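Chain residues, written in single-letter form:
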Amino acid sequence: MRTAYENATMLNLESWWLKMIRFDLRGLLIPRNLTLRDLSEMSGINYWTIAHMSQRTYKSIKITDVEKICEALDITPNQLFGYESKREVANE
């Protein structure tokens, strides 16, 4: 018998995982009155890389990019990322 994990397609796994990881880049920029272009210039990261991050159309994020974003916004990785378990969502 195959497990649910073995039966899942890669797209399903990616979608499931991305729903658990909270990454709201625009939510961090709006209170600071910054645009994606501003963050690109501040961090030295290519604009399109940041645009894909904000739209969650990326496949992976480089640790160096996380460091650059955190340094530019003066935040920690904990503020950049969050985790939402299915249990937390079900309790709401």
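As shown above, the structure is provided for reference.
Everything numeric in this text was worked out from a predicted model, so none of it was measured.

Draft legend 1. Quick look at the overall build of the protein chain. Scanning the protein chain for helices and strands turns up eight helices and two strands. The order of α-helices and β-strands along the protein chain, N terminus first, is α-α-β-α-α-α-α-α-β-α. For the protein chain, the residues scored as buried account for 27% of the 92 residues in total. Contacts in the protein chain between residues at least 24 apart in sequence constitute 60% of all its contacts with a sequence separation of at least 6. For the protein chain, the accessible area works out to roughly 7,000 Å², and carbon and sulfur atoms hold 54% of it.

Draft legend 2. Representation of the packing of aromatic side chains within the structure. Under the definition given, this model contains two aromatic pairs. Between the aromatic rings of Y47 and W48, the centroid separation amounts to 5.0 Å while the plane-to-plane angle is 75°, which identifies the pairing as edge-to-face. For W48, a relative accessible area of 55% corresponds to the exposed category. Stacked on the ring of Y47, the Lys or Arg R37 has its end atom at 3.9 Å from the ring centre.

Draft legend 3. Inspection of the environment of R37 at higher detail. Topologically, R37 is positioned in helix α4 (residues 36-43). Classification of R37 by relative accessible area gives partly exposed; the value is 43%. With 14 residues separating them in the primary sequence, R37 and A51 have C-alpha atoms 8.7 Å apart.

Draft legend 4. Highlighting the nonpolar core. Ranked by size, the top nonpolar core spans 16 residues in total, and within it L25, L39, I69, L73 and L80 carry the most contacts. Mapped onto this core, the elements with two or more residues apiece are α3 (25-29), α4, α5 (47-55) and α6 (63-73). Of all the elements, α6 adds the most residues to this core, at four residues. If sequence neighbours within four positions are ignored, L73 has contacts with L28, L29, R32, L34 and L39.

Draft legend 5. Local environment of the packing of α4 against α6. Following both chains from N to C, one finds α4 and α6 inclined at 105°, their axes separated by 9 Å at the closest point. Taken as axis vectors, α4 and α6 run roughly perpendicular relative to one another. Where α4 abuts α6, its residues L39, M42 and S43 lie against K68, I69, A72 and L73. Of the residues in the contact of α4 with α6, the class split is five nonpolar, one polar and one charged.

Draft legend 6. Geometry of the environment of S54. When you line up the elements, S54 lands in helix α5. Under the relative-accessibility criterion, S54 is labelled buried at 14%. Between the alpha carbons of S54 and L36 there is a distance of 8.3 Å; along the sequence they are 18 residues apart.

About the cut-offs
Residues numbered from 1 in each chain as written. Predicted model: local features only at pLDDT ≥ 70, side-chain atom pairs only at ≥ 80, totals over all residues. Heavy atoms only, no water. Helix = DSSP H or I, 4+ residues; strand = E, 2+ residues; numbered from the N terminus. Buried < 20%, exposed > 50% of the residue type's maximum accessible area, 1.4 Å probe, protein only. Contact = heavy atoms within 4.5 Å. Areas by Shrake-Rupley, 256 points an atom, 1.4 Å probe, with all protein chains shown as cover. Phe/Tyr/Trp six-rings, centres within 6.5 Å; stacked < 30°, edge-to-face > 60°. Lys NZ or Arg CZ within 6 Å of the ring centre and 35° of its normal. Core = buried A, V, L, I, M, F, W, Y, C linked by side-chain atoms within 4.5 Å. Axes fitted to C-alpha atoms, helices over the stretch in contact; angles between N-to-C directions. Parallel < 35°, antiparallel > 145°, perpendicular 65-115°, else oblique. Nonpolar A, V, L, I, M, F, W, Y, C, P; charged D, E, K, R; others polar.

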